[in-house]
Each structure stands twice: as C-alpha cells, then as structure tokens.
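# Fold and geometry: a report
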Amino acid sequence: MSPPNPIADDFCLLAHDEYTGKPLLHGTALGLGLAAGLLTELCLHGCMSVYNGQLLPDLRLMPAEPVAHQVLELVCSERHDLATWLQFLARDARERVGQRLTDKGAVYREQRRWSRQTRFVPVNPDKAAWPAIRLRRALLENQLTYADRILAALVVVTELSGRVLLWDGNVSRAALPPLVNALPPPLREVARCTEQVVGQVVLAH
Amino acid sequence: MALNLVKPGQPHSSPGVVASALARNRLGAVAVCFMMLSAAAPFTVVAGVITLNYGVSGVTAIPVAFVVVGVVLAVFAVGHLAMARHIVNAGAFYAYVARGLGRPAGVAAALVALVAYNALQLALYGAFGVTASAVVEAMIGWQLPWWLLAVGLWALVAALGVRRVDLNGRLLAVLMCGEVAIITLFDVAFLAHPANGVLSFATLDPGGLATHGATAVLITAVLGYIGFEQATVYSEEARDRVKTTARATYACIAVIAVLYTFSAWAMSVAVGLDQIASRAAAEQQNLLFSLAGQHLGTAVADVGSVLFVTSIAAAAISFHNAVARYAYALGRENVLPRLFGRTSRRHGSPKYASLTQTALGITYITTYAVAGWDPMVAGFYWGGMFGGLGCLFLYLAAAVAIISFFGRHPTLSGNRWVTVVCPSLAAVALLAVATAATLNLDTLLGVPTGHPATTWMPATYAIAAGVGVVWALVLRRVRTRAYERIGLGSHAATATTANHPHQ
C-alpha cells in the first residue's frame, strides 16, 4: 500500500467536487481547513507542536516535502498565535495545496473564463473521490487510522460533514464531533482553533 | 541545514509580513462608524419613528428625549468599552450579563435580546410595504397592497440572507450620506420657515418630559440609538482594538444625538407646537414629506420618500443578518439548538438561523395582512417600541453586569470612574428610564390606560427571561460543558483549550 497522502491534499480533494473541481465549501472555511491541514502535517512530521494557542516549530527536523518545508520556514520566521497563522495561511493555502496536487499529477489547473477563478480539476475522478470514500468506510467500520481521525476532525470543524456522511444514515452525525476531542492535544488545538475562526468569520461583517 | 530552534516567548521586533498582510483589511474609526450608522438607517427613524411618535403619543418632548438618552448612553458606553476589552464575544450584551451576573442571567438576557431584535426586524416589513406602495402609486399610478411589496422585500431579504450577501459597504455608505444630506436639507428648510414666524425652543425644554406620561418617549430615543454598541463587534477587525472602538462608539452616539434631536426639533418648529401632534396623527409618515414639499418643492420631497423606502429596505437586510448571526452565536454555544449554529456549506451563512428568521417574517406579514391590522402603527410603530423596550431592559442588565464584573475583578482596571462611577450612574439612569417608560406605555402606544398591550409587552420579556433562567439551570444539570461555554459565542469551540485569562 502506498504511503498516505498529506492531510491537506486529502482535505483539498474532499472539499472539491471530484468531477468538476468546484469547491464544496465557501472560500473562507476552505482556506482555513487547508491551512489547518498544512499545520497538522507539520505536527505529524514532528517538526512542530502547539501549546496554549502558540506554535512551537523546530527547524532541526526539516520535512523533505517542499510545501511543508515552506510552511515551516514561514512559521519560524515570525511569532504569532495559532489563530493568526491560520488566517494568514488560509489566504493562499488553496494555491499551495492545489499546486502540490498539480505537481503530483492528481489535478490540473483550469482558468475559469468569466469569473477568472482558478479551479483544480481532478485528472481521475475515482482517485479524487477516494479520500471521501475511504473516510466514510473507515467511519462505518469504526477503523480510523491516525490520519483519518485528523481528516475527520477537519471535516467536522469546517462543517463539511455532509460530504462524508452522504445520504446513508449508517454513520450518524453525532459520531463525528467526539473525534475532535479524541485527538492528541496539539492537533485538537489546531482543530478547535479552526472551528473558532470559521465561526468568527460567519459573525464578522 | 539550518539549526534554528525558535524559543517560545521570544519576542519579534517588527510587525512583519503576517501582521501587515492581515492588517490590509483592517478598519479605522471612520469606517466602523460609517458601518454602524448605515445599519441604523437614519431616515427610517426620522421620517418613520419620530413622526409616528408625535402622532400616536401626542408628546412633544421628543427632541429633548434624544438628548437625555444620548447622555445616558454615553455614560453607559464608558463602562461598556472598558468591559469589552476583557471579554470575548464583546458584541453581544448577553455575554456581559453572563460574565457579570452569572450564566442563568446571561441566557435570560440572550433570549430577551433575541425577542427584541426580532421585533425590530419584523416591524420593518410593515413600514416598507406601506411606504413603498405609496411611492409606487405616486410614480406609476399602480395601487398595490402593502403586503405584496412587503413580501417582495421579504423574498429579497431571505435570498440575500442565505447567500450571505451583506449589502455592499459602499452602497450603504452612499445611501446613508444621501439620507443625512437630505435630512439636513429638510431641517434647514423647516427652521427657515417656522410656523407662525416664531422659532420655538419649547420641545427642547427638559421640563417637557415631566408632564404626564411623557417619559415613555424615552423608549423612542433608545430605539434611535440601537446599534451604537456594535462597534465592539468590529474590534477584532479594527486597526486598534481599544482606540478605534471607543472613537467609533462615541462618534456614533454624537452623530445620532445631533441628527435626531435636530430633526425632531426642526419638525416641531415647522408645524408649530400646538399643531404637531394632530398633524402627525393625521399624516403619519407623510408629514415630513408634505412639509418638505411645501418648503422645498415636490421633487426634493420625492427624492426623500424614495430614500425613505431604500433606508427601510437596507435596515431590514442588516437587521435580518444581525439577528441570524445572533441566533448563530447562541446555537454555536448550545444555548439555542445546535442546528442554529450550523452554516451553509456553500456560502458560509448561518443558514438555519437565517431561514428561521425568514419563516418568522412571512408569518408576520401574513398575520397582519389576514387580520387587517394597520401595518404602520400596529406593525412598524408598536413593533419598534416593543423592540426598543427590550433593548432598554438589555442595556439596564448590561450596566448592572458591568458594575458586578468589575466588582468581582478589582484588579482589571485601576480607574474607579470607569469601572464604578460611570456604570453606576448609567445603571441608575437606565433603571429610572425603564421604570418610567414601562409605567407609561399607554401614552407611548396611544392606547387607553389598562390596554392589554401595556401588559403583554413587558410580560413577554419577563417570560423570555424566565425561560432563559430555567433553560440555563437545565443546561447546568444536563450538559455541563455547554453550560460552561455560555457567553463565549463563536469562541465556544476553544473554551477548553485556549486560555481565557479572566474566565
């Protein structure tokens, strides 16, 4: 079995239509979810931790993957709290992750003629739908891997649950939120902070 | 490979790329003040509320009521702004009450606010229907029923609410500037043509409030100021959290005080003290425009009546979104059903809160249309006064909560003027206003003493508060975690992990 995709890649595929590449989430939640995905990747790699709303990056453990590397250098360059970093990274997280998926050949870039927006259209819709299907099956069988649990938490906090639950009632909506609480503290903080910032954006004018 | 361990707590010198990138969208005091005033829709108050108030209540002391309430609220704002620095979710007064007087009182305040804001929003549909049908008739001669146009606005509000379209800030600002310009023009013309040739200052005499029942019009003045507290909502987006918010709040109170006092006074000068009540009763919201037509020509009056309609529509949209956000914040922290705290996936709007508000809107329009109630007096005016009364109770509760909060946390602010004296003065004044207004509701509503409306208006808030307290106690028993998050709004998610120093 191939190594699992980075969290942000999976979240990106989850949050877009597998055929058209159309976003299934509104822009802010999408950006914040991807930003959270990028930060959790650093946590998983062991080169960053989160405590009490602050990032604790460690440049001694450089990730080999270029996007993660860039994000790590960025969060080392200045000191801000987690919420600020999420908001900052959210601004171009879609571009970063979309480019990474493009480089892997999973998606291709399409410039929309009228809206001048960029879409990342999956090359193979079946592969693009895989994270959603995998997560759904894992939830059904209650056999979530560590990465699945993080992905599920990001789905919960960005309110993308409908995508994973789909129309079958076998996985109840109530089964998802406890997944966030079950994460290890640093990752839980990232997820909770994302939820809060998503909520703030709704309330902001 | 670089060996660079960033130590926690290491300060960073310059503001840096991140801060300046995020600061690009930050708001200054002028921008915040503009946003607050445009949502306040000045024309709705001047042409609708003030004229109806003259007519229905027959009280002539309305201009001085705006001065009195403006001063009281400015004093209240001192403590309000001081407390806003220390709590999250500072835009909502129930958060103040929850922190100052305990969570059961907080939930009670939240429900009172929800009822009051709802009443204010729904009231606008009636006013829009009546004024828009008058404008349509004047322009193209069609006679449309008020409810048809109200349903039109309702559909627009519903669609924009779910799609999370807030009216463009520039459009609102242009409308608001137009409104203020034309109100000022009207006022100057009115003062240049005083009735009987005498410039009377009688309506500005504080003694006018001492007459029987006159204190009830203080509610009207409170209604005019609603929204001044919203500057703290923008504090997260403001350039300087403390200074910008404070400047915008005081500026907003000052602008409203000057504009409404001056307009209400100018109107009474143009009609004459002895005539104002009877003419306002006869002409209702048309009084302002018939006066303007008389002194400035019909073209200017027509522009005014169109701006009146757009002003009500803008207010309806802003209020709808504000109420939906409020319900969303409450759903987010489990005070209302969790459903209200969910957003639309596509648009990020508080979908269910917005749809509920929409359902209430059509119920309101249908009820008034079927029952044949007067959408202007029984709908707009009574609804507005009902909402104003609720907001008055809310301000009072917040003022008491501020005193209690600083009493419990004496280390938070050294200046006793800010933490003790001003909030106490405001609380006493608001208590006096609330008592006087509640006892004289019959005058305000233009009904005989003992009319059921004078009972059910305060009673509704008492019931809402009672339900809130009971619900909070149920939450404390059944869902302890949710109970602990009351008052945190969208911050409820991080309540367990992030540090809230004063929690």
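Described below are features of the structure shown in this document. Here the structure is a predicted model, which means the values were calculated and not measured.

Calculation notes
The residue numbers shown here count from 1 along each chain, following its written sequence. Note on labels: chains are lettered from A, ligands numbered from 1, in written order. For this predicted model, a pLDDT threshold of at least 70 governs which residues receive local features, and a threshold of 80 or more governs which side-chain atom pairs are given and counted, while totals over whole chains, interfaces and linings are taken from all residues. Side-chain numbers come from the whole structure's heavy atoms, not from hydrogens or water. Put simply, DSSP H or I for four residues or longer makes a helix, DSSP E for two residues or longer makes a strand, and each gets a number counted from the N terminus. Our radius of gyration is a C-alpha quantity, and the globule rule it is checked against amounts to 2.2 Å times the number of residues to the power 0.38. Relative accessible area decides the class of each residue, using a 1.4 Å probe on protein chains only: under 20% of the type maximum gives buried, over 50% gives exposed, and in between gives partly exposed. Contact definition: two residues touch when any of their heavy atoms are within 4.5 Å. Here the accessible surface of atoms and residues is derived via Shrake-Rupley with a 1.4 Å probe, and residues count as covered only by protein chains that are part of the display. Neither His nor the chain ends is counted toward charge; the positive residues are Lys and Arg and the negative residues Asp and Glu. Lys charges are placed at NZ, Arg charges at CZ, Asp charges at CG and Glu charges at CD. Pairing of aromatic side chains requires ring centres within 6.5 Å, counting the rings of Phe and Tyr and the six-membered ring of Trp. Pairs whose planes differ by under 30 degrees are stacked, by over 60 edge-to-face, and all others tilted. Pairing between two strands is assigned when DSSP locates at least 2 bridges connecting them. Every helix has an expected span of 1.5 Å times one less than the residues it contains. In the analysis that follows, any N or O atom pair within 3.5 Å is treated as a polar contact, provided that within protein one partner can donate a hydrogen and the other can accept it, and provided that, for residues neighboring in sequence, both atoms belong to side chains. Note on geometry: axes are lines fitted to C-alpha atoms, helical ones only across the stretch in contact, with angles between N-to-C directions running from 0 to 180 degrees. An angle below 35 degrees is treated as roughly parallel, one above 145 as roughly antiparallel, one from 65 to 115 as roughly perpendicular, and anything else as oblique. Put simply, a crossing is left-handed when the front helix is turned counterclockwise from the back one by less than a right angle, and right-handed when it is turned clockwise. Asp, Glu, Lys and Arg are counted as charged, while Ala, Val, Leu, Ile, Met, Phe, Trp, Tyr, Cys and Pro are counted as nonpolar; the rest, among them Gly, fall into the polar class. For this analysis, a salt bridge means a side-chain nitrogen from Lys or Arg found within 4 Å of a carboxyl oxygen belonging to Asp or Glu. Cysteine sulfur atoms that pair up within 2.5 Å are treated as a disulfide.

### As for the overall build of chain A
Looking only at helices and strands, chain A has eleven helices and four strands in total. Here chain A has a C-alpha radius of gyration of 16 Å; the compact-globule value for 205 residues is 17 Å, and the two agree. The C-alpha extent of chain A, read off along each of the three principal axes, is 45 × 40 × 40 Å. For chain A, with 205 residues in total, the buried portion stands at 56%. Partitioning the intrachain contacts of chain A with sequence separation of at least 6 by distance along the chain shows that 62% fall at a separation of at least 24. If you sum the accessible surface of chain A, you get close to 8900 Å²; carbon and sulfur atoms cover 54% of it. Charged side chains of chain A number 22 positive and 21 negative; the gap between the two group centres comes to 4 Å.

### Observations regarding the packing of aromatic side chains
All names here are of chain B. Scanning all chains against the criterion turns up 25 aromatic pairs over all chains. Judged by centre distance (6.1 Å) and plane angle (40°), the ring pair of F186 and F190 falls under tilted. Of this pair, F186 and F190 both sit in helix α8 (residues 169-192), four residues apart, which is roughly one turn of that helix. A single burial state applies to F186 and to F190, both of which are buried. Relative to W373, the ring of Y368 has its centre 5.1 Å away and its plane inclined at 80°; by these criteria the two rings are edge-to-face. By relative accessible area, which is 14% here, Y368 ends up buried. Among the residues examined, W373 registers a relative accessible area of 45% and is labelled partly exposed. Among the aromatic side chains, those forming a connected cluster through ring pairs are F43, F186, F190, F289 and F308.

### Considerations on the pairing of strand β4 (residues 118-122) of chain A
Residue and element names in this part refer to chain A. With five of its five residues buried, β4 lies for the most part within the structure. Relative to β4, strand β3 (residues 107-111) is paired through five bridges, and the arrangement is antiparallel. Counterpart to Q111 in the pairing with β4 is T118. The hairpin turn running from β3 into β4, its antiparallel successor, is six residues long, and R116 in that turn takes a positive phi close to 60°.

### Thoughts on the environment of A158(B)
By the secondary structure assignment, A158(B) is in helix α7 (residues 146-162). A158(B) sits 317 residues away from L475(B) along the chain, and the two C-alpha atoms are 32 Å apart.

### Points about helix α13 (residues 298-332) of chain B
All names here are of chain B. Compared with an ideal rise of 1.5 Å per residue, which puts 35 residues at 51 Å, α13 spans 51 Å between its outermost C-alpha atoms and is within 8% of the ideal. Taken across its 35 residues, α13 has 27 buried, putting it largely inside the fold. Phi for N334, located one or two positions after α13, is positive at around 70°.

### Examining unusual backbone geometry
Residue and element names in this part refer to chain A. If you check the backbone angles, N52 has positive phi at about 55° while not being a glycine. As for its placement among the helices and strands, N52 is situated in the loop between β1 (48-51) and β2 (54-57). What makes N52 partly exposed here is its relative accessible area of 31%.

### Regarding the side chain of T203(B)
Residue and element names in this part refer to chain B. Structurally, the position occupied by T203 is in the loop between α8 and α9 (218-225). For T203, a relative accessible area of 2% translates into the label buried. Side chain to side chain, T203 and S268 meet in a polar contact 3.2 Å long.

### Remarks on the packing of helix α2 (residues 27-45) of chain A against helix α4 (residues 82-90) of chain A
Angle between the axes and distance between the axes: these two values describe a pair of packed helices. Residue and element names in this part refer to chain A. The contact between α2 and α4 brings their axes to 8 Å, and the two run at 115°. Classed by the angle they form, the pair α2 and α4 counts as roughly perpendicular. Along this stretch, α2 crosses α4, giving a crossing that reads as right-handed. Facing α2, whose interface residues are G31, L32, A35, A36 and L39, α4 presents L82, L86, Q87, L89 and A90. Per-class residue counts for the contact of α2 with α4 are eight nonpolar, two polar and no charged.

### Looking at the pattern of salt bridges
Any two side chains of opposite charge can pair if their charged atoms end up close together. All names here are of chain A. This model, assessed by the stated rule, comprises 14 salt bridges over all chains. One salt bridge connects E41 with R100, and the closest N-O pair in it is separated by 2.7 Å. In this pair, E41 sits in helix α2 while R100 sits in helix α5 (residues 93-103), placing the two residues 59 residues apart along the sequence. Of the two residues examined, E41 and R100, each falls in the buried class. Salt bridges sharing common partners tie together D9, E41, E65, R100 and K104.

### Things to note about the packing of helix α15 (residues 375-408) of chain B against helix α16 (residues 416-439) of chain B
All names here are of chain B. It is the contact of α15 with α16, at a shortest axis distance of 9 Å, that shows an interaxial angle of 155°. As judged from the angle between their axes, α15 and α16 are roughly antiparallel. Between α15 and α16 lies a crossing of left-handed hand. Touching L389, L392, F393, Y395, L396, A399, V400, I402, I403 and F406 of α15 are T419, P423, S424, A427, L430, L431, V433, A434, A437 and T438, all from α16.

### A look at the environment of V45(B)
Residues and elements named next belong to chain B. Along the chain, V45 turns up in helix α3 (residues 42-57). Taking relative accessible area as the criterion, V45 reaches 7% and is therefore assigned buried. When near neighbours in sequence (up to four residues on either side) are disregarded, V45 contacts A40, I50, F66, G224 and Y260.

### Focus: the pairing of β1(A)
Each regular strand carries side chains that alternate between the two faces of the sheet. Side-chain alternation along β1(A) places M48(A) and V50(A) on a buried face and S49(A) and Y51(A) on a face that remains uncovered. Counting the residues that bridge the hairpin from β1(A) to β2(A) gives two residues, and of these N52(A) lies at a positive phi of roughly 55°.

### Some words on α5(A)
All names here are of chain A. Turning to α5, its buried residues are A93, R96, V97, G98, R100 and L101. Summarising the contacts, the buried residues of α5 are in contact with α1 (7-14), α2, α3 (66-77), α4, β3 and β4. G105, located one to two residues past α5, shows a positive phi value of around 80°.

### With respect to the state of the cysteines
In a disulfide, the sulfur atoms of two cysteines are held together by a covalent bond. Residues and elements named next belong to chain B. Taken as a whole and judged by the stated rule, the model has zero disulfides over all chains. Between C177, a free cysteine, and C33, which holds the nearest cysteine sulfur, the sulfur-to-sulfur gap is 11 Å. In this structure C422 is a free cysteine whose sulfur lies 19 Å from that of C252, the closest cysteine sulfur available.

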